[in-house]
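Listed below, chain by chain, are the residues.
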Amino acid sequence: MWSRRSVIISLSATALAGTLTSHGARVLAGEKSVKIGINLPFTGADAHDAELIKDGAMLAIDEANSAGGIAGYKIDVLLLDDGTATAGQYDPAQAATNARKMVGDDAVVAAIGPQMSGSGKAMSPILSQGGLATITPSSTNPDITNPRFAAQYRPAGKAIYFRTVTTDAFQGPNMANYFADTLKVRSVYVLDDSGAYGVGLADAFQAQAKRRGLDVLGRDQLNPKETDYTTTLTKIKALNPQALYFGGVAQAGVKVVKESFDIIPNVLKGGGDGVYAAEILRGAGFPAAQGWYVTIAAPNVLENPDAAPMMERFAKKYGQQPDNYSITAYDAALVILDAIRRLAAAGGPVTRDAVRDAIQQSHVKTLQGEISFDANGDIANRVISVFQITRNDKYPLDDVLHQYKYIGVAPASS
Amino acid sequence: MTEYEVLLQQTINGLSLGAMYALLALGFTLVYGILELINFAHFNVFMVASFIGMWALQLFGVSGQTRILTGAALAGVLAFAFVVTMAAAGVIGVAIERLSLRPLRGVRGTAAMITTIGVNYILFNAILLTVGAGSENYPNPLPVVRWQFGHVIVELKEVLIWVVAVVLMVALHLFVNHTRLGKAMRATAQDGEAARMMGVDVDRIIVIAFFLGSALAGAAALIFGLYYNYTSFIVGYTVGLRAFTAAVLGGIGSITGAMVGGLLIGLIETLGGQLIAVRWTDVIIFSILVLVLVVVPSGLFGRSNPQKS
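Residues numbered from 1 in each chain as written. Chains lettered and ligands numbered in written order. Predicted model: local features only at pLDDT ≥ 70, side-chain atom pairs only at ≥ 80, totals over all residues.

Undergrad: Hey, could you go over the overall build of chain A for me, with residue numbers and the actual values?
TA: Assigned secondary structure in chain A consists of 14 helices and 14 strands. In terms of C-alpha radius of gyration, chain A reaches 21 Å, essentially the compact-globule figure of 22 Å for 414 residues. Its C-alpha atoms give chain A principal-axis dimensions of about 70 × 45 × 40 Å. Across the 414 residues that make up chain A, the buried fraction comes to 60%. Taking as baseline every contact in chain A between residues at least 6 positions apart, the subset at least 24 positions apart corresponds to 77%. (Helix = DSSP H or I, 4+ residues; strand = E, 2+ residues; numbered from the N terminus. Rg over C-alpha atoms; globule rule 2.2 N^0.38 Å. Buried ≥ 20, exposed ≤ 12 C-beta atoms within 10 Å, placed from the backbone. Contact = placed C-beta atoms within 7 Å.)

Undergrad: Tell me what's going on with the domain arrangement of chain A, and back it up with residues and numbers.
TA: All names here are of chain A. Considered domain by domain, chain A is made up of domain 1 (2-167 + 304-371) and domain 2 (168-296 + 384-409). Measuring from the centre of the C-alpha atoms in domain 1 to the corresponding centre in domain 2 gives 29 Å. On the side of domain 2, 22 residues touch domain 1, which itself brings 21 residues to the contact. If you list the elements that add at least two residues to the side of domain 1 that touches domain 2, you get helix 2 (47-66) and helix 4 (117-130). Counting residues per element, the side of domain 1 that touches domain 2 draws most heavily on helix 4, which supplies 3 residues. Tallied by class, residues from the side of domain 1 that touches domain 2 come to 3 nonpolar, 13 polar and 5 charged. (Domains from an automatic or database assignment. Nonpolar A, V, L, I, M, F, W, Y, C, P; charged D, E, K, R; others polar.)

Undergrad: I'd like a description of the sheet that holds strand 14 (residues 404-409) of chain A, backed by residues and values.
TA: Residue and element names in this part refer to chain A. Spatially, 7 strands are ordered 7-6-8-9-10-13-14 in an open sheet, and the strand pairing comes out mixed. Bordering the open sheet on either side are strand 7 (215-221) and strand 14, each of which pairs with just one other strand. On average, adjacent strands in this sheet sit at an angle of 25 degrees to one another, irrespective of strand direction. Bridge count for strand 9 (residues 268-271) against strand 10 (residues 293-296) is 2 bridges, and the pairing is parallel. (Pairing = 2+ DSSP bridges. Axes fitted to C-alpha atoms, helices over the stretch in contact; angles between N-to-C directions.)

Undergrad: Mind laying out helix 4 of chain A, listing which residues take part and the relevant values?
TA: Residue and element names in this part refer to chain A. Over its 14 residues, helix 4 runs 19 Å from end to end, which matches the ideal 20 Å to within 8%, given 1.5 Å per residue. Largest kink in helix 4: about 35 degrees, centred on Met123, with the proline Pro125 one to four residues after it. Of all 14 residues in helix 4, 12 are buried, a share of seventy percent or more. Of all the positions in helix 4, only Ser117, Gly118, Ser119, Gly120, Lys121, Ala122, Met123, Ser124, Pro125, Ile126, Leu127 and Ser128 are classed as buried. Contacts made by the buried residues of helix 4 are with helix 3 (92-104), strand 4 (134-136), helix 5 (150-153), strand 5 (161-163) and helix 7 (196-211). Positive phi appears at Gly131, one or two residues downstream of helix 4, with a value of about 65 degrees. (Expected span 1.5 Å × (residues − 1). Bend = angle between axes of the 7 residues up to and from the residue.)

Undergrad: Explain unusual backbone geometry to me, and be specific about the residues and the numbers.
TA: Residue and element names in this part refer to chain A. The linkage connecting Gly113 with the following residue, Pro114, adopts the cis geometry, with an omega of -5 degrees. Tracing the chain through its elements places Pro114 in the loop between strand 3 (108-112) and helix 4. With phi around 55 degrees, Lys184 is a residue other than glycine that occupies positive phi space. Note on placement: Lys184 falls in the loop between helix 6 (168-181) and strand 6 (187-192). Non-glycine residue Asn240 carries a positive phi angle of around 55 degrees. By the secondary structure assignment, Asn240 is in the loop between helix 8 (230-239) and strand 8 (243-247). Overall, Asn240 belongs to the partly exposed group, with 14 C-beta atoms counted inside 10 Å.

Take a look at the structure:
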């Protein structure tokens, strides 16, 4: 109820505010405006976490606007929802439609999103044809930016899929290293949720686990809409692995967390940033979620004193704590705003093409440090952070900030 | 775990799943038996009922797995939750019949069936828009009690499922076969026109069929929630489809067929998943369904009725 209604309200509010300000502004001072598209799954299992990402991006944009805009430009937002009721989570088909909407709106000069790699795969070719750059704060599947698949994901040539997180080419393998080096795991069973992100992450983890000499006892694929995973988990129990690794997002994740607690309580469990979510805490809850090792594809900024003022403003404005992907979304917005600022300062036109090129050349100081991108759009900084879900009764039990305890950086492969 | 223990454990898992499918399949079969109508709204009657059961449990301050009850308190809370959920689901079923299907009673063709699909979406979106899209941490007051036989584990919640399923199915069997109303139901199922001529109030029988079928879905929904500690607005689809398949496998219209079909589908799902691979579950289930229907077109226990006019 909450997420969808608030989407509709904020959508109409931004649309209204957009027309009013750009209209009024033009009449009053001849000011110009540009639009940033935001595409996230506000319907379905990841709605709450999509909201946290949107809030991060909106905080940066709203603050820029209330400071008088960026070099004379008001920033409007085109907010789109790629979650559908039929999918119950992100829906690549809807993501493609939304990408066309953004490309079709001439005022849109850059975009933020998507949250999910499955959507990213659907959107990237369309954005490429439209010459529209997007910055994802959370989607980590490496294929989208991999030059090997350039013909598929950026047929028009230039990189348009930028990230303020690194990819599963590091998230999976580094966690396998962490399993081997720090947790001293010798055998593991690998599951994925059949989504683009989940499969890719599980593959990357599994390959490195094998390389590190871990005994991979098996690999299975879960249907995220299915409720019953007891068959799979009983199968895993019979194989008696030391650890379980799950590549996937919350829709399957909630049930994996719950049912694995029931059937294989003593097996060490880990996952990627799909399990770093308020939805996991809310849907699976404690005690089931306790003890899971979870990575994110970004540095942990939440404990960085530089981030404290932003987190305070965030909490004050939205009534809840940000998570790390609120911060990467905030950073993504900063990168786009910075690109617009540089273009306007140089006196050039703020067009899609120009914004893309400006983003490509970014050296922006953000909360996670200076952000710059390689020729494919991937972030230069490749830190994978490890957390452990550790119940903290002093805070709400679905508060990502306080229930995921930061442990450290996962070792990179040498 | 030895191979034998694993198969035994999967059989236990399969029986729990199968009991849920069977209860849900009975709803399809009861309505089909009387109206020759496949009621697709049944999918989401189940889903809505799982939320009603959740709210009923929350009335007692049970949220998540934080409040564990025992003894009389547990029995009382569970009995209340079952009664409320089953009654509410039954009322939803009756409302669906009265509001959307009775006006179409005389219409030939697939209009009524398509209507049930529409109602299915209405229920689906009603929950999506009011409750939201998240996963619910289903309240569960059951203490964690496990009996261990070697490596094979039987849990209290599984025993609860079996007991509830058996009690309800026996009750349904007695009702249909040993009461006047049951006799009227059977008569209507065999030939509605003749039953009407013999003084059976067919509309009332239809209402009862919807009420009973939906109430059983309510029971299935509550044990589903207690078993998985989970519900969401999407749960109706996969569970409902399996249950529907179970009803067809057993012979839609046949009460025994729905029970046996449900258990079979549950066992095929877990044992097939163990012996072949879980990702092939649907392929396995539907291959067996096709094979059975090729050999026995009316399903395992289906009657080949003379065509009703």
